Each structure stands twice: as structure tokens, then as C-alpha cells.
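Take a look at the letters that make up each chain.
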Amino acid sequence: MSSNVPISSGSFTAPTPQNTPLNHAPISLGLSRPTVPDITEDSETQDDDLGEDNDQPNLAGVREHMLGLVQDKLASLIGKSSGYIESLPIDVKLSVEGLKGIQVKQNDLHTQFKRECLELEKKYLNLAQPLYERRQALIIGSAAPTKEEITAGEEYSIKDNETYTRLPKDTPPSASGIPHFWLTALRNHLGLAEIITDRDAEALKQLLDVRLVYLEAPQFGFKLEFVFGQNEYFDNELLQKTYLYQEEVGYGGDFVYDRAEGCEIKWKEDKDLTKEFEIKKQRNKNTNRTRLVRKAKPTESFFNFFTPPVLPSEEVIDSGEVDPEELEEIEEKLEIDYQLGEDFKEKIIPRAVDYFTGKALEYDFDDQDDDDFEDLEDDDEEGDFDDDDDDDDDDDLPASRRRLPPKKGKSGAGGVNPEECKQQ
């Protein structure tokens, strides 16, 4: 995935649109998973000589415990002053404050630079609009490809694959359209593939276009528009998802996400794909009569994308009303949500045909850092687990679960105010 602007609260760290790191912090990388040295044959022989009743301490366990203590100590020192700055003479401290004043001006200049970059992105998005309109015409079958477009496309294919065979020239191009173009493209995205269910696929077959719109000042951010044809699931012809940036550029030099806003989907009766229904039998305590009750419960669905996660306010978090594990889950969902928004903006919309053909998968896999993966064999000491003849367990793990964006600490409160979806 592409890689992820602090979500709005205080000291929390948050994803940025251009520079989302896909690797853990150095301390976490270096200490969270201590390695266990290989046991040589010599040491095995020595252990055998000591006898079965050898009561030697578990050195691996001691080492792991000591590394845990070191990690906790280092973590407790982060952000604490060594006392050096406080010990400086007054005249030196004045110079330090002067440097901070210069840094303020530099920050203002950089903010101006990033805003002008954003305006440049808007300019070239407008220049690309005729190309996007032409792309949609070919997808929905309202126009046929020209010979010039076909020739350029074949040259593009040959450049990517020297063994590509040109198509026969005896078949004239026609306005045939490309069935299920967007469904196929979205399913070829590593992250989206995990959240698109079979039920979602039936609705996404009617997805006609996905568009990017930049917000106008005084707001900063972008909007994703999903254009649908008539379908049996909902009445909306347009679903929207808006990502808003904070006005100031973050410490890392990029715009900072403030919040995401989804929209209301007008589901048709019994067609809500974000819920599943079950029939339960209830018995009246007084009359002993039974009845069948139909209850709805949330379920996984691509269309949950239009209901962004909401982080509790700082007051609620500070009061301890939210369970730490629940908070951690919300933060992870926020990171994934911002990541998907950036992928739509930077990858899927500009290079939709590459996702349709699967070419983009090659680059998505290349973008993954080796540090995103763990060597399972090195983590487990022999004897901790029983042998299992079934080698297919790893195949059941979803691909994107192995490559979720790493958590970067607590994120700020990003309230999500649903915005009414437009009808066309």
C-alpha cells in the first residue's frame, strides 16, 4: 500500500498522506523480539553429559527478561531532558531562543510551500479530467477506443512484457465496455481485497466510476466520489468520503489528517450489506408462547468504509472510560482508514487500469518493507509447540493482516460527522 496528517489531539502521533512509514520504530524493532542463538551440537552434547536432572537456569528466558527491562527503561527516558539545556548560561539560552524564532519563520515558509504544492496537484488533476472522462466512456461502453489509443496501449504492454502478443487487426474496435472494471480493480488492491465480501461484490458490479476532488480553501483535503448505477441494494447514485487536513503542516513536513467524514447510505429494505440478520426464538415468561424475532448485527463489509471510525475525545480517554485494548483497536482502524484514502488518491484512481490488469500488484508487493514481516521460525524455541502435520495454517491468514500499517502511538481525536450523500 501506499504508504499515511497528527489526527487532531495533542501529543499523539498520526499518519501523514505522503510519508506513512511501513516499519516499526527503531526501539521496537531492536528490542521487542529478542533473537535466540542456535544451539550447536557441542552444547547439546554438554547438556547430555550433565544429565536429565540438570537444573541450570533458562538463559534464553533470562535474556528475554533483561531485554524487556532495557526496553522499558529506554521507553521511560524518551522525551525527558538530560538537564544540559537547563544548565546553559543565559546568553546561550537567548541564542537558542533566537534559533527557535528562525525555525518559526522556516516552518511558515514550508507551510506555504506545501500549500502551493497542493495547488499544483489541483491544477494537474484538472488537466487530467478529460482523460478520466475518456476512461469512463470506455469502461461503461459509451465510446469505442481509437486506433491511436489501442496502439499506445500495446506499446505500453510490450514495454512491460517483451513477450506480449499484439491483438489481431481484423476486429474493429467497438463500444463494448469493460464489465465489472472497478470491482476487479478494487479486488486487486491488497488492502481492499480483505474487506470486499461476496455480498459486496454484487453491489460493486454497479460501480461506474471513482473520482477525486480536492477541497477548496479555507478547507484542506480531498473527497472521494463513488458513482453507482441503479442497483438492488441502495438508492444513492453517489457515495462520498471526505478526508480533511489540518491547516498547519505537521512536524514531519506534510499535511496532517484532522478527520474523515463519511455519508449515509440509503439502504433498501433488508439489503444493508453492513449488517447480517439472524432469527431468534423467544419465549414469553407469562404465557409460555414462543415467537420468532429478527435481529441485525454488524458485519464486515466494504461499505463500512463510508462510516469512518471515531476516536473518543481527550476527556473521555483521560477519564479511563475507554478500555486500552478498545482504544488501540480504534487507533488501528483509523490508520487503516487513512491509508485506504491515500491509496485511492495516489494509486487506484490514477492507475485504475493497472489494478484491473493486476500489474499494480507487483509494485504493491515491492513497496512492502521486509521489516513488516516476522520470521516465525526464529521466534519459537524447539519444544514450545507440538508438531502439526497440517502445513496449510498459514494459507488461512489473510494477506493484508500480515501487512497492516504499524501503529505509531496514540492518535488524536478525529471526530467524524457523517455528510449526507448526494442524489443525482
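Residues numbered from 1 in each chain as written. Predicted model: local features only at pLDDT ≥ 70, side-chain atom pairs only at ≥ 80, totals over all residues. Heavy atoms only, no water.

Peer 1: Which residues make up the pairing of strand 6 (residues 290–298), and what are the values?
Peer 2: Examined bridge by bridge, strand 5 (residues 275–283) and strand 6 share 9 bridges and lie antiparallel to one another. Its bridge partner being in strand 6, Phe277 is matched across the sheet by Ala296. Connecting strand 5 to the antiparallel partner strand 6 that follows it, the hairpin turn spans 6 residues, and Asn288 within it adopts a positive phi of roughly 65°. (Pairing = 2+ DSSP bridges. Helix = DSSP H or I, 4+ residues; strand = E, 2+ residues; numbered from the N terminus.)

Peer 1: Lay out the sheet that holds strand 1 (residues 207–214) with the relevant residues and their values.
Peer 2: Consider a sheet: its strands pair through backbone hydrogen bonds, and that pairing is either parallel or antiparallel. Taking strand neighbours across the sheet as the criterion, the 4 strands line up as 1-2-3-4 in an open arrangement whose pairing is antiparallel. Each edge of the sheet is formed by a strand with only one pairing partner; in this case those strands are strand 1 and strand 4 (255–261). Strand-to-strand twist in this sheet, taken as the mean axis angle between neighbours without regard to direction, amounts to 20°. In the sheet, strand 1 pairs with strand 2 (residues 221–228) via 7 bridges, with the strands oriented antiparallel. Within strand 2, the position partnered with Leu207 by the bridge is Phe228. Against the sheet, helix 4 (residues 90–140) touches strand 1, strand 3 (238–249) and strand 4, its axis set at about 160° to strand 1. Most of the contacts of helix 9 (residues 324–348) go to strand 2, to which it runs at about 75°, and overall it touches strand 1, strand 2, strand 3 and strand 4. (Axes fitted to C-alpha atoms, helices over the stretch in contact; angles between N-to-C directions. Contact = heavy atoms within 4.5 Å.)

Peer 1: Give me the layout of surface pockets: which residues, what numbers.
Peer 2: The space that makes up the largest pocket amounts to roughly 1700 Å³. As for the largest pocket, its lining consists of 40 residues, of which Leu138, Glu149, Ile150, Gly153 and Val353 are closest to the centre. Contributions of two or more residues to the lining of the largest pocket are made by helix 4, helix 5 (147–160) and helix 10 (352–357). No other element matches helix 5, which puts 10 residues into the lining of the largest pocket. Of the residues that constitute the lining of the largest pocket, the class distribution is 21 nonpolar, 9 polar and 10 charged. (1 Å grid on protein atoms, 1.4 Å probe; cavity = no way out; pocket = protein on both sides within 12 Å on 5 of 7 lines; lining within 4 Å. Points joined across faces, edges and corners; volume = space filled by probe spheres on them. Nonpolar A, V, L, I, M, F, W, Y, C, P; charged D, E, K, R; others polar.)

Peer 1: An account of the pattern of salt bridges is requested, with residue identities and associated values reported.
Peer 2: The full count for this structure, using the stated rule, is 22 salt bridges. One salt bridge in this structure joins Asp254 and Lys114, with 3.2 Å as the shortest N-O distance. Of the two residues, Asp254 is situated in the loop between strand 3 and strand 4 and Lys114 in helix 4; the sequence distance between them amounts to 140 residues. Where Glu346 meets Lys345, a salt bridge forms, and the shortest distance between an N and an O atom there is 2.5 Å. (Salt bridge = Lys/Arg side-chain N within 4 Å of Asp/Glu carboxyl O.)

Peer 1: How would you explain helix 4 if you had to name every residue and give the values?
Peer 2: When the terminal C-alpha atoms of helix 4 are compared, their 71 Å separation across 51 residues agrees well with the 75 Å that a helix rising 1.5 Å per residue should span. Where helix 4 bends most, at Ala128, the angle is about 40°, and the proline Pro130 comes one to four residues later. Among all positions of helix 4, only Thr111, Lys114, Leu118, Lys122, Leu125, Ala128, Tyr132, Arg135, Gln136, Ala137 and Ile139 are buried. Next to the buried residues of helix 4 lie helix 6 (181–187), strand 1, strand 3, strand 4 and helix 10. Gly141 occupies a position one or two residues after helix 4 and carries a positive phi of about 85°. (Expected span 1.5 Å × (residues − 1). Bend = angle between axes of the 7 residues up to and from the residue. Buried < 20%, exposed > 50% of the residue type's maximum accessible area, 1.4 Å probe, protein only.)

Treat this as a map of the structure, not an account of what it does.
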